[in-house]
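# Topology and contacts: notes
Listed below are the residues making up each chain.
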Amino acid sequence: MFHNPSSENIPLPKNIHTLIDLLQARAEISGEKIACAFMEKGELPTHELTFAQLDLQAKAIASHLQQRGLAGSRAILLYPSGLDYVAAFFGCLYANVTAVPVYPPQMGKQVDRVFAIVKDSSATAFLTTSEIMKTVKAFMPELLAPNADAWIATDQIRLEESSRWTPPAVTGETLAFLQYTSGSTGSPKGVCVTHQNLLHNEAMIQAAFDHREGEMVGVGWLPLYHDMGLIGNIIQPIYVGAPIYLMSPLSFLQKPLRWLQAIDRFKATSSGGPNFAYELLMAKTTSEEIETLDLRSWKVAFTGAEPVRADTMRRFAKMFAPAGFREEAFYPCYGMAETTLFVSGRKEKGAPRILSLDPDALGVNKIKLLPGTDPRAISAVSCGHVWGGQSVKIVNPDTRQLCSEDQTGEIWVSGESVAKGYWNDQTATEATFFAYIADNEAGPFLRTGDLGFLYENELYITGRLKDLMIIRGKNHYPQDIEHTTGQSHPALKPGGCAAFSVEEAGEERLVVVAEIEPQTLKSFQQEDIFAAIRSEIALRHELQVFAIVLLKRRSIPKTSSGKIRRSACRDAFLRQQLEVEAEWKGDLSEPEEIKAAPVVSATLSAANIREWIITWLSRRLKVPAAKIDPSESMQAYGLDSMGTAAFEEDISKFVGFTWPVMDFLINEPSIEEISQRGASLAEENKNK
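Residues numbered from 1 in each chain as written. Predicted model: local features only at pLDDT ≥ 70, side-chain atom pairs only at ≥ 80, totals over all residues. Heavy atoms only, no water.

## Comments concerning the packing of helix α3 (residues 83–95) against helix α8 (residues 227–240)
Where α3 contacts α8, the two axes come as close as 12 Å, and the packing angle between them is 70°. By the criterion of interaxial angle, the relationship of α3 to α8 is roughly perpendicular. Facing Tyr85, Val86, Phe89 and Phe90 of α3, the residues of α8 in contact are Leu230, Ile234, Ile235 and Ile238. Residue composition of the contact of α3 with α8, by class: eight nonpolar, no polar and no charged. (Axes fitted to C-alpha atoms, helices over the stretch in contact; angles between N-to-C directions. Helix = DSSP H or I, 4+ residues; strand = E, 2+ residues; numbered from the N terminus. Parallel < 35°, antiparallel > 145°, perpendicular 65-115°, else oblique. Contact = heavy atoms within 4.5 Å. Nonpolar A, V, L, I, M, F, W, Y, C, P; charged D, E, K, R; others polar.)

The structure is reproduced here in structure tokens:
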């Protein structure tokens, strides 16, 4: 019914004008088929929803929201990955309540961002689960207290309430949700995405990926509050009428092999993620594990949300070829929240197209092709053809004139998938969404802030116009990290820090530089300063720092008006031209595995758990065991989200039982407290 793979000018499905129409049609046509299933531990499905069940749950939640008079308002969605989130999102749509997805803050992270989003969106309701509500009440009462009456645990809403649902007066132009991905922590920007934006974008994705009802099977682990996870892994399968099998990002990070095992188990045809995910699979999968996999069903391995690297695709295809993976399955694509999600992707079948470029020409915004054998060449991966009747122009960002075919410039986009602007920010909306080309006054266009070029009607991305960093698929604004750095230790001062990313080992890595008075290093141990910076950045931004450089005072590159010149800092760092007082650099090699056999629960004590944790931290973070204080939290040593996920997996193996230690870590316990808790659990398991 909804399939139209050959059309370039993608028409909306007949009589489907909103996502409410879409899900109701699916419930009527494919009601008993699985819409989405969730794998609690990333392995076997523990919860399932058919299209009919999802429609019913959405109506029950919508009815509850309508009874509370929330139609036309905005609601914060605070959910872990799972089907409760999916039902709540559609419940908001069914009630004409604008959903505002936000990841639940954990371990002190992202609380400021949640507050900023609540304030900016003027949300009047908070939708979550009863379990998350308990967590917020215990550890973040400042978030709950001012709005206690506005909190709704949707997992407690009875299905019987669906009978009172009234279809809202919703059209394609009605606002569906606000996607907060743009803007720094201090000034978040909510992208206004309408029902029409979503339906047009879903039609493009279906056509570009050649998704077919009855053939497509999806597997996903991406965060559901993020546009790629929500629009690509939830709404797209519903649009197509296909099942999607979901796991949490944590399940993937703990054991990346679970992603491939799920693709094998469910014979998935479509699944993907950012470049770092493929690198992680290569780092964590053994040849013996590859022999157990069958990946022949995987037809679309999409990759986007951060720079797509040719070397990653080549090495991945070679490594997983014995499992039946084909290089032509890779599907590099380009998009952003401001374009709903998707802009461009490959049109023809075959391996991704890769150009070899002259780096010197690229440095002056020129395109010059080199032979692939030239050692100086830089690889540029095609992000494919522009779909859905959209228009992409390459424009000089300063003069706003069209670039010639041999020039790079800013990527400008127009079309039905371009969102309506930023919520409650007319100035930013005018500057970003209403750009006009100086040559002919054509427009309006969305200014993406990305740099690239068109070659033979295919789009290539070459960089960023601004300082935004994209690390492991997430946007990070340097000013936020610089603020955290300046506040992390008394030896540092705000205004004298710079944050930027460099490419190391096939990934973007974070570098921080900070000015310091030479005499200050006599008062403080430099290792303490480095540890404080790493810890605060891991805690507040879920990032692990690759390098920290302490500079002589007044040596950091600045403009005449006193602004940090981040690109100049980056260039000086790469050329080793910074005036260095002290420097720390992380070790990117894989941490040595702890070979010790698990201790049987009967003899497990707090002392041997503590010893194991200290050894694990020492090897993971490359710090001397003697420097690790059991009275400190693990986060104090700069452990990021990926490291925390690995910790849960590894300590469960050590203690000999499954320990969801992430739930315990939310309150930042000390290493000693973790050890005592582990010993108590071991005693409980022994007595069962």
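## Things to note about the sheet that holds strand β26 (residues 545–552)
What links the strands of a sheet is backbone hydrogen bonding, and the strands pair in either a parallel or an antiparallel sense. Spatially, four strands are ordered β24-β25-β26-β27 in an open sheet, and the strand pairing comes out mixed. If you trace the sheet from one side to the other, it starts and ends with β24 (497–504) and β27 (580–585), each paired once. Along the sheet, successive strands turn relative to each other by an average axial angle of 20°, direction set aside. Strand direction decides the pairing type here: β26 and β27, joined by five bridges, are antiparallel. By the bridge assignment for β27, valine 549 is matched with glutamate 583. Strands β24, β25 (507–516), β26 and β27 of the sheet are contacted by helix α19 (residues 566–574), whose axis makes an angle of about 55° with β24. (Pairing = 2+ DSSP bridges.)

## A short note on the packing of aromatic side chains
Here the distance between the centres and the angle between the planes together describe a pair of aromatic rings. Under the defined criterion, the tally for this structure stands at 32 aromatic pairs. Their ring planes at 85° and their centres at 6.4 Å tell us that tryptophan 298 and phenylalanine 316 sit as a pair that is edge-to-face. Of this pair, tryptophan 298 sits in the loop between α12 (287–290) and β12 (300–303) while phenylalanine 316 sits in helix α13 (residues 310–319); the two residues are 18 residues apart in sequence, bridging distant segments of the chain. A residue is classified by how much of its surface remains accessible, and tryptophan 298, at 0% relative accessible area, is buried. For phenylalanine 316, a relative accessible area of 0% corresponds to the buried category. Of the aromatic side chains, those joined through ring pairs into one cluster are Trp221, Phe252, Trp259, Phe276, Tyr278, Trp298, Phe316, Phe320, Phe325 and Phe330. Positioned above the aromatic ring of tryptophan 584, the side-chain terminus of arginine 534 is 4.5 Å from the ring centre. (Phe/Tyr/Trp six-rings, centres within 6.5 Å; stacked < 30°, edge-to-face > 60°. Buried < 20%, exposed > 50% of the residue type's maximum accessible area, 1.4 Å probe, protein only. Lys NZ or Arg CZ within 6 Å of the ring centre and 35° of its normal.)

## Examining the pattern of salt bridges
Under the definition given, this model contains 26 salt bridges. Two residues, arginine 258 and glutamate 43, come together in a salt bridge whose shortest N-O distance is 3.3 Å. Within this pair, whereas arginine 258 is found in helix α10 (residues 257–266), its partner glutamate 43 is found in the loop between β1 (34–39) and β2 (47–50), the two being separated by 215 residues in sequence. The exposure class assigned to arginine 258 is buried, which follows from its relative accessible area of 8%. (Salt bridge = Lys/Arg side-chain N within 4 Å of Asp/Glu carboxyl O.)

## Focus on the pairing of strand β11 (residues 270–273)
Within a regular strand, side chains alternate between the sheet's two faces. Here β11 shows no split at all, with Ser270 and Gly272 on one side and Ser271 and Gly273 on the other all buried. In this structure, β11 lies alongside β12, joined through four bridges in parallel fashion. Across the sheet, the residue bridging to glycine 273 is threonine 303, located in β12.

## Points about the sheet that holds strand β18 (residues 391–395)
Read across the open sheet, the four strands follow the order β18-β19-β20-β21; overall the sheet is antiparallel. Both edges of this open sheet fall to β18 and β21 (458–464), since each of them pairs with a single strand only. Direction aside, neighbouring strands of the sheet carry axes that sit 50° apart on average. In terms of strand pairing, strand β20 (residues 446–455) meets β21 through six bridges, oriented antiparallel. Residue pairing for β21: aspartate 450 is matched across the bridge by arginine 464.

## Side note on helix α4 (residues 111–121)
Residues of α4 that are buried include every one of Val111, Arg113, Val114, Ala116, Ile117, Val118 and Ser121, and no others. Where α4 ends, the next residue or the one after it, serine 122, has phi of about 55°, a positive value.

## So, the side chain of aspartate 55
Turning to its location among the elements, aspartate 55 is positioned in helix α2 (residues 51–67). For aspartate 55, the contacting residues outside a window of four places in its chain are Leu23, Gln24, Ala27 and Tyr94.

## A closer look at the nonpolar core
Phe89, Phe90, Leu127, Trp259, Trp298 and Phe325 are the most contacted members of the largest nonpolar core, which has 128 residues in total. Among the elements that line this core, the one with the most residues is α3, at eleven residues. Ignoring any residue separated from it by four or fewer positions in sequence, one finds phenylalanine 90 in contact with Leu19, Leu23, Leu54, Ala58, Ile234 and Ile238. Among the nonpolar cores identified, the runner-up in size contains 26 residues, and Ile614, Leu639, Phe654 and Val661 belong to it. (Core = buried A, V, L, I, M, F, W, Y, C linked by side-chain atoms within 4.5 Å.)

## Let's talk about the confidence of the model for the protein chain
When pLDDT is averaged along the protein chain, the result is 87, and 91% of the positions lie at 70 or above. Taken together, the stretch residues 596–601 has pLDDT below 50 and engages in ten contacts with residues farther than four places along the chain or on a different chain. (pLDDT = per-residue confidence, 0-100.)

## Quick word on the state of the cysteines
Inspection of every chain in the model, using the stated rule, returns zero disulfides. Cysteine cysteine 92 shares no disulfide, and the gap to the nearest cysteine sulfur, in cysteine 192, comes to 16 Å. A residue is classified by how much of its surface remains accessible, and cysteine 92, at 0% relative accessible area, is buried. Looking at the unpaired cysteine 383, the closest cysteine sulfur is the one in cysteine 333, lying at 7.2 Å. (Disulfide = S-S within 2.5 Å.)

## Considerations on the environment of alanine 58
The topology assignment puts alanine 58 in helix α2. Judged by relative accessible area, which is 0%, alanine 58 ranks as buried. Along the backbone, alanine 58 and serine 297 are 239 residues apart, and their C-alpha atoms lie at a distance of 32 Å. For alanine 58, the residues in contact, after removing those within four places along its chain, are Ala87, Phe90, Gly91 and Tyr94.

## Here we look at unusual backbone geometry
For the bond running from glycine 443 to proline 444, omega is 0°, close enough to zero to count as cis. Inspection of the secondary structure assignment puts proline 444 in the loop between α15 (426–433) and β20. Unlike most non-glycine residues, glutamate 441 shows phi in positive territory, near 60°. Structurally, glutamate 441 is set in the loop between α15 and β20. By relative accessible area, which is 55% here, glutamate 441 ends up exposed.

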